[in-house]
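Now for the letters of each chain:
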Amino acid sequence: MGWLVTGGAGYIGAHVVRAFQAAGIEATVLDDLSSGISSFVPDGVPVVRASLLDRAAVREALHGIDGVVHVAGFKYAGVSVQRPLHTYEQNVSAMVILLQEMLEAGVDKLVFSSSAATFGVPDVDLVTETTATRPESPYGESKLIGEWLLADVGRANGLQHTSLRYFNVVGSGTPELYDASPHNLFPLVFDALVNGRTPKIFGTDYDTPDGTCVRDYIHVSDLAEAHVAAAQRLAAGQEIEPIYNLGSGEGSSVRQIMDTIREVTGIDFEPELHPRRPGDPDRIVATGELAARDLGWQMRHTLQQMVASAWEARQKAGDSYPG
Ligand code: UDP
């Protein structure tokens, strides 16, 4: 019974599990704990500790499952350039096994965690679901392949599916859950502040109003709720789009984020200015109109709330924070 959340011990997956619980839907977690944290899974939620590449474990985990939210994957775009085969194995080979075993088990509903990285460097100010996809990393490519896999298996085998393209996911829905990504802006800035170092801005000469990159920051709890809405829509047999952009329509620059962090934490700092990080687009902001129409998607949190909740969780993690 219930839904299987792959990657349910990770920062995003654990929020998805909580959102399912809040909606009264049972969840089971499949996670190899390579980056997930077992204490992120709420008490009472069954956890299968296994890789998706372990076909027998996947088969076992799918017993009695109604649908799958597939969050597990290797998510570091920059690192994926150095580790393409690892990325494809984790994100594509694993997904093929998952889909094969879902068909075998008669599980015919899937919500997939896709990414804004499928767009690469968009040439429009506001990305929509029809904006051309030109991924610039093996990570972005692997997510696009995931979307193609779903379209093909949907056509051939009747799989009901949707892909949710995440933009910049930040914040915490509960102080127990923090983002420990060693590559993203929020955790890197917090890490610097906690350890008495100065946060860094990568690139101040972008074609944006203040010269720093503009991104579409969304709160992880809002994101998690969209997964529940998608699952419910699939379960009810309602029409669903193959792809939704989970964006807010609003962009914030790295400088604006730094200002908000300074304001919320009360720590006065002046960021170090560094050259551009390779592969970062000037701006990537999406409209979430389609998701608002079908999935009740809306920004229930301000940027201040995103920063404050993330900072609270980071502080609460204390010595248990990885690294
Ligand atoms: N960034 C930064 N300092 C950091 C980490 C990130 O200036 O310590 C910038 C990065 O160059 C990008 C933005 O913050 O312009 C968001 O980066 P993140 O890695 O969080 O997300 P993504 O690159 O996937 O949009």
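Before any of the text, the structure's been laid out above.
Visitor: How should the site of the ligand be read in this particular structure?
Guide: The local shell around the ligand holds 14 residues, among which Leu185, Lys200, Arg215, Arg277 and Asp280 are the closest. One of the backbone nitrogen or oxygen atoms of Phe202 is found 2.9 Å away from an oxygen atom of the ligand. The separation between an oxygen atom of the ligand and a polar side-chain atom of Arg277 is 2.9 Å. Protein coverage of the free-state accessible area of the ligand, which is 520 Å², stands at 86%. Contributing elements (two or more residues each) for the shell around the ligand: helix H6 (185–194) and strand E8 (200–202). A per-class count over the shell around the ligand returns seven nonpolar, three polar and four charged.

Visitor: What am I meant to see in the nonpolar core here?
Guide: When a protein is soluble and globular, its nonpolar side chains tend to lie buried together. Of all hydrophobic cores here, the largest spans 35 residues; its most connected members are Trp3, Ile12, Phe20, Val69, Tyr166, Val169 and Leu246. For this core, the secondary structure elements donating two or more residues are strand E1 (3–6), helix H1 (11–22), strand E2 (27–31), strand E6 (160–166), helix H7 (220–235), strand E11 (243–246) and helix H9 (289–295). By residue number, the principal contributor to this core is H7, which donates nine residues. Residues within four places of Tyr166 in sequence aside, it is in contact with Ile12, Val71, Ser113, Ser114, Ser115, Ala116, Leu223, His227 and Leu246. The next biggest cluster of nonpolar side chains, apart from the first, holds 23 residues, and it includes Ala50, Met95, Met102 and Leu150.

Visitor: Can you walk me through the environment of Arg215 in this structure?
Guide: Structurally, Arg215 can be placed in strand E9 (residues 214–215). Put simply, Arg215 and Ile257 are 42 residues apart on the chain and 9.9 Å apart in space, counted from C-alpha to C-alpha. In contact with Arg215, other than residues within four places in its own chain, are Asn168, Glu250, Gly251, Ser252, Asp280, Pro281, Asp282, Arg283, Ile284 and Val285. In terms of polar contacts, Arg215 uses its side chain to reach the backbone carbonyl oxygen of Pro281, at 3.0 Å.

Visitor: Would you mind showing me how to read the layout of surface pockets here?
Guide: Over the atoms, a rolled probe matching the size of one water molecule traces out where space is still vacant. The volume enclosed by the second largest pocket comes to roughly 200 Å³. Along the walls of the second largest pocket sit 14 residues, with Asp191, Arg314, Tyr321, Pro322 and Gly323 positioned nearest its centre. When residues of the lining of the second largest pocket are assigned to their parent elements, the largest contribution, four residues, is made by H6. For the lining of the second largest pocket, the residue count by class is seven nonpolar, four polar and three charged.

Visitor: Please clarify how the sheet that holds strand E3 (residues 47–49) should be interpreted in this entry.
Guide: The strands making up a sheet associate through hydrogen bonds between their backbones, and the pairing can be parallel or antiparallel. Spatial ordering of the open sheet is given by E3-E2-E1-E4-E5-E6-E11, a layout of seven strands whose pairing is parallel. The open sheet is flanked by E3 and E11, the only strands paired with a single partner. Shown here is a sheet whose adjacent strand axes are inclined to one another by a mean of 20°, direction ignored. Of the strand pairs in this sheet, E1 and E2 are connected by four bridges, and their pairing is parallel. Opposite Val5, over in E2, you have Val29 as the bridge partner. Together, E1, strand E4 (67–70) and strand E5 (109–115) form the strand contacts of helix H4 (residues 84–105), whose direction differs from that of E5 by roughly 170°. In this fold helix H5 (residues 138–157) packs onto E5, E6 and E11, with an angle of close to 155° to the strand it touches most, E5.

Visitor: It is not clear to me how empty space enclosed by the protein should be interpreted in this structure. Could you clarify?
Guide: Per the stated rule, a full pass over the model turns up one cavity of 30 Å³ or more. Of the voids in this model, the largest cavity is the one considered here, and its volume is about 90 Å³. Along its surface, the largest cavity is lined by Tyr11, Val169, Val170, Gly171, Ser172, Tyr178, Asp179, Phe186, Pro187, Phe190, Ala310 and Arg314. Of all elements in the fold, only strand E7 (168–170), H6 and helix H10 (303–317) reach the threshold of two or more residues within the lining of the largest cavity. Top element by residues in the lining of the largest cavity is H6. It accounts for three residues. Looking at the lining of the largest cavity, its residues break down into eight nonpolar, two polar and two charged.

Visitor: Looking at this structure, how should I read the pairing of E6?
Guide: When a strand is regular, its side chains alternate between the sheet's two faces. Most of E6 sits inside the fold, with six of its seven residues counted as buried. Judged from the seven bridges that link them, E5 and E6 form a sheet pairing that is parallel. Bridged to Ser115 within E6 is Tyr166. Bridge analysis of E6 against E11 gives four bridges, and the strand direction is parallel. The residue of E11 that forms the bridge with Arg165 is Asn245.

Cut-offs used in this document
Residues numbered from 1 in each chain as written. Predicted model: local features only at pLDDT ≥ 70, side-chain atom pairs only at ≥ 80, totals over all residues. Heavy atoms only, no water. Near = heavy atom within 4 Å. Polar contact = N/O pair within 3.5 Å; in protein donor to acceptor, adjacent residues only side chain to side chain. Areas by Shrake-Rupley, 256 points an atom, 1.4 Å probe, with all protein chains shown as cover. Helix = DSSP H or I, 4+ residues; strand = E, 2+ residues; numbered from the N terminus. Nonpolar A, V, L, I, M, F, W, Y, C, P; charged D, E, K, R; others polar. Core = buried A, V, L, I, M, F, W, Y, C linked by side-chain atoms within 4.5 Å. Buried < 20%, exposed > 50% of the residue type's maximum accessible area, 1.4 Å probe, protein only. Contact = heavy atoms within 4.5 Å. 1 Å grid on protein atoms, 1.4 Å probe; cavity = no way out; pocket = protein on both sides within 12 Å on 5 of 7 lines; lining within 4 Å. Points joined across faces, edges and corners; volume = space filled by probe spheres on them. Pairing = 2+ DSSP bridges. Axes fitted to C-alpha atoms, helices over the stretch in contact; angles between N-to-C directions.

Nothing here speaks to function; it is all geometry.
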